[in-house]
Each structure stands twice: as structure tokens, then as C-alpha cells.
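Geometric and topological summary
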Amino acid sequence: MVSRPMLEIVSLQKCFGDNVILRDINLKVAQGELVFIIGPSGSGKSTMLRCCNRLEEPSGGDVIVDGRNIMSGTRRDLDLMRLKVGMVFQGFHLYPHMSVLNNVTLAQRKAMGRTAEEAKARAMDMLERVGLAHKADAMPAQLSGGQQQRVAIARALALDPLVMLFDEPTSALDPELVGSVLAVMKDLKAKGMTMLVVSHEMGFARETADRVIFMDGGVVVEEGAPDEIFGAPKAERTQAFLSRVTR
């Protein structure tokens, strides 16, 4: 039995002037599914991800989260729905003048109306989950890049999202720090989090993803199970890309 879509992208388009970035993207992510998006730089992967919570405004199409179309409704409706779509960026986007704990509690208090005590309890739970409860009083500059990215994941999780979007979450990290972030993502997958991930971590995709999507030129070229995409890709563009990146 296939779970219902938690995230659905319908005929998504994005243009910057005459430059067409996304062309009629259609994609469903089921509840608890980890969908991995690969493709060359400039293929539209990150733009598509940012359209999923309207950080980039789509030029056409619909984005449906938990049955609700985020392209319609009031600004308040959009803000509420954004709380349900957690986003982790390539850069960590932590507030440098705030402690780790305050970074994780701020949005809870401002956007969700939680009390300081409620927000702290939730923050400590999430920091424990990513292995950083002992760093609650540290400042971001005192942390490694991998630790900062795990704090960013904890911050997103503290808002109780239905879907997590990861945009190149390890690309800014030194190689020896990548594993700690991927371990957190693997744990999220094991606990049933719905995730849409843009990354070049091909080994992680092959091991962990439920489905892999190859994008190029603003379109979905091919999609399938990891073994299908990495082991026997059908499209020539997919074959050419993987031959370059998996040698």
C-alpha cells in the first residue's frame, strides 16, 4: 500500500525573465519517503526545492503540502504552512550572536507562540537527537561546520515539520565532517520523516533513498529506485552524468 503524498508538485514552472529554469515539473513524495534529486549544476534542482516553500515564487503550477495548495490562501496561510516544511540550506544560516539553544528556540517562540520553557524543552530534545545537547550554551563560531549544520537540522525539526527539504546540506563541509550530518539524515529516515534532498552524495543516495530523480535542463529526465538509476540508467543524459560523477 502506497502512502498518500505528503508533498506534491504539479506542473511547476519557474522563469527569470526569458530564462526558463523549470519546465513542467511533476513530482510526488509519499509520507515517510526519502526522495533524492541529482543532476548537474544549473539543472534547476535547488530552484525547485526553494519553490516548495515559496522562497522562490513559482511562475506557474501548484505545490501541495499535506493536501493543501500553498499557492493559494492568505499570507498567514503561507506562513503557517512554511512551519510544516522544514528547510536545511548549504549554508547554516545560524544567528552568530545567539547561543545554539537560542538559535533553536527563537522560531518556536516567535512563529509558534511556544513559551520559553516549552521551546527550551523541545530544543533540548532535538539537540539531543542530533548529538549536540552538550553544546546548547556554545556560540556558532565555537562549532565545526558539521556541528553547525546539525544545529540547523535541530532548529528545523523543533518546528514539527511534515516535510524536510535539504539543499546541498553537506557541500560546505570538510569531507571528514560530512558523515555526522548524513548520519542524522539517516536517522530521520528511519524514524519516518518525509524528505526531499538535493545533494551530490551519491553513495548516501544509493544506500538510503527510496527513489532517485535525475534532473537536467529544468526537467525530470528519469526517476526510479536507486539500483535502477545508479545501476542501469535508461536515459543517455543520466548515463553521461553518472559516468562523470561516480568514477
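Worth saying up front: this structure is predicted, and the values here are computed from it rather than measured.

Time to look at helix α4 (residues 116-129). When the terminal C-alpha atoms of α4 are compared, their 20 Å separation across 14 residues agrees well with the 20 Å that a helix rising 1.5 Å per residue should span. Within α4, the full set of buried residues consists of Ala119, Ala123, Met126 and Leu127. Buried residues of α4, seen end-on, are gathered within an arc of 100 degrees and therefore sit on one face of the element. Exposed and facing more than 90 degrees away from the buried side of α4 are Glu117 and Glu128. For α4, the elements touching its buried residues are α3 (100-112) and α5 (145-157). Of the residues flanking the end of α4, it is Gly131, one or two places downstream, whose phi is positive at about 75 degrees.

With that settled, consider the UniProt feature "domain: ABC transporter" (unreviewed entry) in the protein chain. Taking the numbering used here, the UniProt-annotated feature "domain: ABC transporter" (unreviewed entry) corresponds to residues 7-242. In residues 7-242, helix accounts for 39% and strand for 26%; the two terminal C-alpha atoms are 27 Å from one another.

Before going further, it helps to spend a moment on the pattern of salt bridges. Taken as a whole, this structure holds 15 salt bridges when the rule is applied. Between Asp216 and Arg237 there is a salt bridge, and its shortest N-O distance comes to 3.8 Å. Within this pair, whereas Asp216 is found in strand β9 (residues 211-216), its partner Arg237 is found in helix α9 (residues 236-245), the two being separated by 21 residues in sequence.

Packing of α5 against helix α6 (residues 175-190) leaves a shortest axis separation of 8 Å and a crossing angle of 20 degrees. Between α5 and α6, the angle is such that the two are roughly parallel. Handedness of the α5/α6 crossing: right-handed. In contact with Gly145, Gly146, Gln149, Arg150, Ile153 and Leu157 of α5, α6 contributes Leu177, Ser180, Val181, Val184 and Leu188.

Below, the discussion takes up the layout of surface pockets. Looking at the largest pocket, its volume works out to about 600 Å³. Forming the walls of the largest pocket are 20 residues, and the residues nearest its centre are Met87, Phe89, Ala107, Arg155 and Leu159. Elements with a minimum of two residues in the lining of the largest pocket: β6 (85-88), α3 and α5. Of the residues in the lining of the largest pocket, the class split is 13 nonpolar, 4 polar and 3 charged.

This brings us to the pairing of β9. Working note: regular strand, side chains alternate between the two faces of the sheet. Among the 6 residues of β9, 5 are classified as buried, and the element is accordingly described as predominantly covered. In the sheet, β9 pairs with strand β10 (residues 219-224) via 5 bridges, with the strands oriented antiparallel. Across the sheet, residue Val212 finds its bridge partner in β10, namely Gly224. Here β9 folds back onto β10 in antiparallel fashion, the turn holding 2 residues, of which Gly217 has a positive phi close to 60 degrees.

Right, let's get into unusual backbone geometry. In this structure, Asp66 is a non-glycine residue whose phi angle is positive, near 55 degrees. In this structure, Asp66 sits in the loop between β4 (60-65) and β5 (68-69). Non-glycine residue Glu168 carries a positive phi angle of around 50 degrees. Along the chain, the position of Glu168 falls in the loop between β7 (163-167) and α6. Relative accessible area serves as the criterion here: at 10%, Glu168 is assigned to the buried category.

Basis of the calculations
- Residues numbered from 1 in each chain as written.
- Predicted model: local features only at pLDDT ≥ 70, side-chain atom pairs only at ≥ 80, totals over all residues.
- Heavy atoms only, no water.
- Helix = DSSP H or I, 4+ residues; strand = E, 2+ residues; numbered from the N terminus.
- Expected span 1.5 Å × (residues − 1).
- Buried < 20%, exposed > 50% of the residue type's maximum accessible area, 1.4 Å probe, protein only.
- Arc of directions from axis to C-beta.
- Contact = heavy atoms within 4.5 Å.
- UniProt positions renumbered as here; feature names shortened; annotations may be inferred.
- Salt bridge = Lys/Arg side-chain N within 4 Å of Asp/Glu carboxyl O.
- Axes fitted to C-alpha atoms, helices over the stretch in contact; angles between N-to-C directions.
- Parallel < 35°, antiparallel > 145°, perpendicular 65-115°, else oblique.
- Left-handed = near helix turned anticlockwise from the far one by under 90°.
- 1 Å grid on protein atoms, 1.4 Å probe; cavity = no way out; pocket = protein on both sides within 12 Å on 5 of 7 lines; lining within 4 Å.
- Points joined across faces, edges and corners; volume = space filled by probe spheres on them.
- Nonpolar A, V, L, I, M, F, W, Y, C, P; charged D, E, K, R; others polar.
- Pairing = 2+ DSSP bridges.

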